[in-house]
Amino acid sequence: MKKKQFKAESKKLLDMMINSIYTHKEIFLRELISNASDAIDKLYYKQLAENITGLSRSDYAIWIAADKDARTITITDNGIGMTQEELENNLGTIARSGSLDFKQNNESKEDIDIIGQFGVGFYSAFMVSERVTVKTKAYGSDDAFCWESEGADGYTVTPCEKADYGTEITLYIKENTEEEDYDQYLDEYRIKSLIKKYSDYITYPIKMNEKIRKELPKAEDAGEDVEAEVVYEDQEVTVNSMIPLWKKNKKDITKEEYTRYYQDKFVDFNEPARVIHNTAEGVVSYTAMMFIPKKAPFDYYTKEYEKGLALYSNGVLIMEKCPDLLPDYFSFVKGLVDSSDLSLNISREMLQHDRQLKLIAKNIERNIKNELTKMLEDDREGYKEFFKAFGSQLLYGVYSDYGMHKDVLQDLLLFYSSSEKDMVTLKEYVSRMKEGQDKIFYASGETVEKMDMLPQVDMVRDKGYEILYMTENLGEFALMMMAQYDGKTFVNVCADDLDLTSEEEKEALKERNEKSKDMLQKMKDAIGDGVSAVRFTGRLKNHPVCLTTEGALSIEMEKTLNSMPMPSDEKVKAEVVLEINANHPIAAKLEEVAESGDEQKLADYAKLLYAQAQLIAGLSVENPTELSNLICGLM
Ligand code: ADP
């Protein structure tokens, strides 16, 4: 029988595990029990969903047996089992390849405790075993298969006999070594204490046989000095209490227990940023245990990511990921809801319309918002880290559905502030507004540094106003959708309706623009379609030129929208105006050239200034060769 090789990553992980001088080898049992419990969940849920009358809940169980002479531990479940294909796919490859990436990226930090923190599933069996066999029969199938492996050098899969569906895993425990006592894992009491320690909350009974001492009744004619005969009978006992973590009293749960649950269930090496655990009673009763992750999962911003909370009815799983429990803008939240008000036999379709579920979802949204608000107040650094990971999602939430959710979300947003040089909330901005200020100023650009250098920013900042920098593409879209906060409108410092000049200044500017009308029109013609107008401005302090936009679309928004895939004739165009600093020497110079009647020179200057303004705004110039020639011509 030819051995099959493990997939490359799995092999590495196996090597790592087998050779690790890892001290918490004992977690292997937790991992195998957790797999067995998942397999029963799957079958139980399948039977519910398909309305099959299968076993009743109490008939599902996990059995553990140890045999000291044979040096084996056997873990048996009556869960869903595996087909031959599933056996190959599930045990020939490592499901949690994430753990391997992590290990490789942290090679320097030798002692990183990934296994203890997080578990590596089935493979942990090899930490204590020299050989492992898995006999399994998929629910609904007539064929059973046996997977067998001695570790890194491969595995075999052969047909075998197995009466019932489910899975039976046998570990052939290693011989003791000088450093390592493996015999302990064959000891009944030790096994029981491991089950208590790690798997107490598993919702199916974990059963073991206990030898019960029995004295047989003495024969009637036996004398005083004849001892009663003693026999030991096997009796099945349930070792775990079966109370799920979330049903325990909150004050009896340690931080480590929450963390372990989170890391194990949601495949994350990090601790959760926050744990939300509450019980509601009233119109609907439910317990929710939710986690806010520290970092976004690698697939979070892809369409593969599925949001949702697990849904339990009185401790029994009815759905692994119920999307209706979480709004999209809180899709990063992990966890579960357990409610006895929900019927076990409820179908997915019915769930969507279920009134109870809608109420629970509403409450949960509030719970999450409150927790985030608390975090913002009592752990600003943590919140900033959270916002780095999930801020885009919140901004998108403000923007989507025509701004319907802005009230929920607006106080959870953070923006970079020009004056604080840090992330601030809108509330904080408004509380610092200058007397008479009725607008919230913002700029948008690729980086804080680039925006800091924008001429328009320079001028507004110079007048003593705080500016919010939108480094997220979505930031500006979100503000547009909100239109205002606390009665103050949002104004892009690069927009033409930025009204900070005095009446006299305005009047003077108007005259100047009127006077140079012809010149400005000629300049516009020289530049072409790139701008809709050229004019003098009083809004610039030191810089000669800038680009501003008229209408709803800003330059940053144009960039974002046009970077999305769409046909080229549907590209959008911001209405761009080239503004020239009326107080800059260049203004006088232009007027002088216009006066002299040198049209070519005026056209060249117009193109040069336009190119400068484009570069300052973070745009690329359309014709770099022409620009280069123009500059050389001048030199
Ligand atoms: P994980 O449990 O994180 O997916 P494992 O390596 O522990 O990773 O298990 C890999 C897969 O093997 C599981 O996802 C499951 O599909 C399957 N599996 C493991 N144990 C069992 C079992 N007792 N019954 C049915 N399937 C199992």
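### Structural notes on the overall build of the chain
Inference 1: For the chain, the count of helices and strands is 21 helices and 22 strands.
Inference 2: For a compact globule of 635 residues, the expected C-alpha radius of gyration is about 26 Å, and the chain comes in at 35 Å, more than 25% above that figure.
Inference 3: With respect to the three principal axes, the spread of C-alpha positions in the chain is 140 × 60 × 45 Å.
Inference 4: Looking at the chain as a whole, 49% of its 635 residues are labelled buried.
Inference 5: Put simply, 70% of the contacts in the chain that link residues at least 6 apart link residues at least 24 apart.
Inference 6: Only carbon and sulfur atoms are counted for the fraction: they give 48% of the accessible area of the chain, which is about 32,100 Å².
Inference 7: Measuring between centres, the 80 positive side-chain charges of the chain sit 2 Å from its 116 negative side-chain charges.

### Observations regarding the side chain of Gln 47
Inference 1: Examined against the element boundaries, Gln 47 turns out to sit in helix 2 (residues 27–49).
Inference 2: By relative accessible area, which is 4% here, Gln 47 ends up buried.
Inference 3: For Gln 47, the contacting residues outside a window of four places in its chain are Ile 52, Gly 54, Leu 55, Tyr 60 and Tyr 139.

### A look at the packing of helix 9 (residues 355–378) against helix 10 (residues 380–399)
Inference 1: Remark: helix 9 packs on helix 10, axes separated minimally by 6 Å, with the N-to-C direction vectors making an angle of 125°. Comparing the axis directions of helix 9 and helix 10 gives the class oblique. For the pair helix 9 and helix 10, contact is made by Leu 372, Met 375, Leu 376 and Asp 378 and by Arg 380, Gly 382, Tyr 383 and Phe 386, respectively.
Inference 2: Its residues assigned to classes, the contact of helix 9 with helix 10 shows five nonpolar, one polar and two charged.

### Things to note about the sheet that holds strand 15 (residues 423–424)
Inference 1: Taken in spatial order, the six strands line up as 15-14-17-16-19-18 in an open sheet, and their pairing is mixed. Strands at the two margins of the open sheet, each flanked by one partner only, are strand 15 and strand 18 (484–485).
Inference 2: Summarising the sheet, strand 16 (residues 439–444) and strand 17 (residues 467–470) pair through four bridges and their orientation is parallel. Along strand 17, the bridge assignment pairs Ala 443 with Tyr 469.
Inference 3: Sheet strands in contact with helix 14 (residues 455–462) are strand 16 and strand 17, and its direction is about 155° off that of strand 17.
Inference 4: Against the sheet, helix 15 (residues 473–482) makes contact with strand 14 (415–417), strand 16, strand 17, strand 18 and strand 19 (488–492), and its axis sits at roughly 155° relative to strand 16, the strand it touches most.

### With respect to empty space enclosed by the protein
A probe as big as a water molecule, rolled over the atoms, marks out the empty space that is left.
Inference 1: Considering all chains together, one arrives at three cavities of 30 Å³ or more under this definition.
Inference 2: Roughly 220 Å³ of volume is contained in the largest cavity.
Inference 3: For the lining of the largest cavity, the elements supplying multiple residues, two or more each, are helix 13 (448–452), strand 21 (545–550), helix 18 (555–562) and helix 20 (599–616).
Inference 4: Taken together, 14 residues line the second largest cavity, and the ones lying closest to its centre are Ser 37, Tyr 201, Ile 202, Lys 265 and Tyr 312.
Inference 5: No other element matches helix 2, which puts four residues into the lining of the second largest cavity.

### What to know about the packing of helix 19 (residues 585–596) against helix 20
Inference 1: Viewed as axis vectors pointing N to C, helix 19 and helix 20 meet at an angle of 155°, and their least axial separation amounts to 9 Å. Classified by the angle their axes make, helix 19 and helix 20 are roughly antiparallel. Helix-helix and strand crossings are classified by hand; for helix 19 and helix 20 the assignment is left-handed. Packed against helix 19, whose contacting residues are Ile 586, Lys 589, Leu 590 and Val 593, the element helix 20 presents Lys 601, Leu 602, Tyr 605 and Leu 609 at the interface.
Inference 2: The residue inventory of the contact of helix 19 with helix 20, partitioned by class, reads six nonpolar, no polar and two charged.

### Describing the nonpolar core
Across soluble globular proteins, nonpolar side chains have a tendency to be buried as a group.
Inference 1: Ranked by size, the top nonpolar core spans 120 residues in total, and within it Ile 64 and Trp 147 carry the most contacts.
Inference 2: Among the elements that make up this core, the one with the highest residue count is helix 2 (10 residues).

### A look at the confidence of the model for the chain
Inference 1: For the chain, the average pLDDT comes to 86, and 90% of its residues sit at 70 or higher.
Inference 2: Low pLDDT, under 50, characterises residues 95–119; the predicted model gives this stretch 49 contacts beyond four residues in sequence or across chains.

### Section: the packing of aromatic side chains
Inference 1: Taken as a whole and judged by the stated rule, the model has 28 aromatic pairs.
Inference 2: A ring pair is formed by Trp 246 and Tyr 312, whose centres lie 4.6 Å apart and whose planes are at 50°; its orientation type is tilted. With Trp 246 in the loop between strand 8 (230–238) and helix 7 (255–266) and Tyr 312 in strand 11 (residues 309–313), this residue pair connects regions lying 66 residues apart in the sequence. Across the pair, Tyr 312 and Trp 246 agree in class, each one buried.
Inference 3: Connected via pairs of aromatic rings, a cluster forms that spans Tyr 300, Tyr 301, Tyr 305, Tyr 329, Phe 330, Phe 332, Tyr 383, Phe 386, Phe 387 and Phe 390.
Inference 4: Positioned over the ring face of Tyr 172 is Arg 131, at 4.0 Å from the centre of the ring.
Inference 5: Above the ring of Tyr 465, the side-chain terminus of Lys 434 is found at 4.7 Å from the ring centroid.

### Considerations on the sheet that holds strand 22 (residues 575–581)
Inference 1: Read across the sheet, three strands follow the order 20-22-21 without closing on themselves; strand pairing throughout is mixed. In the strand order of this sheet, the two ends are held by strand 20 (533–537) and strand 21, each with one partner. Averaged over all pairs of adjacent strands, the angle between strand axes in this sheet comes to 35°, irrespective of strand direction.

### Some remarks on helix 18
Inference 1: Burial runs high along helix 18: six of the eight residues are buried.
Inference 2: Among all positions in helix 18, only Ile 555, Glu 556, Met 557, Glu 558, Thr 560 and Asn 562 are buried.
Inference 3: Turning to helix 18, the residues buried within the fold contact strand 16, helix 15, strand 21 and strand 22.

Procedures and definitions
- Residues numbered from 1 in each chain as written.
- Predicted model: local features only at pLDDT ≥ 70, side-chain atom pairs only at ≥ 80, totals over all residues.
- Heavy atoms only, no water.
- Helix = DSSP H or I, 4+ residues; strand = E, 2+ residues; numbered from the N terminus.
- Rg over C-alpha atoms; globule rule 2.2 N^0.38 Å.
- Buried < 20%, exposed > 50% of the residue type's maximum accessible area, 1.4 Å probe, protein only.
- Contact = heavy atoms within 4.5 Å.
- Areas by Shrake-Rupley, 256 points an atom, 1.4 Å probe, with all protein chains shown as cover.
- Lys, Arg positive; Asp, Glu negative; His and termini not counted.
- Charge placed at Lys NZ, Arg CZ, Asp CG, Glu CD.
- Axes fitted to C-alpha atoms, helices over the stretch in contact; angles between N-to-C directions.
- Parallel < 35°, antiparallel > 145°, perpendicular 65-115°, else oblique.
- Nonpolar A, V, L, I, M, F, W, Y, C, P; charged D, E, K, R; others polar.
- Pairing = 2+ DSSP bridges.
- 1 Å grid on protein atoms, 1.4 Å probe; cavity = no way out; pocket = protein on both sides within 12 Å on 5 of 7 lines; lining within 4 Å.
- Points joined across faces, edges and corners; volume = space filled by probe spheres on them.
- Left-handed = near helix turned anticlockwise from the far one by under 90°.
- Core = buried A, V, L, I, M, F, W, Y, C linked by side-chain atoms within 4.5 Å.
- pLDDT = per-residue confidence, 0-100.
- Phe/Tyr/Trp six-rings, centres within 6.5 Å; stacked < 30°, edge-to-face > 60°.
- Lys NZ or Arg CZ within 6 Å of the ring centre and 35° of its normal.

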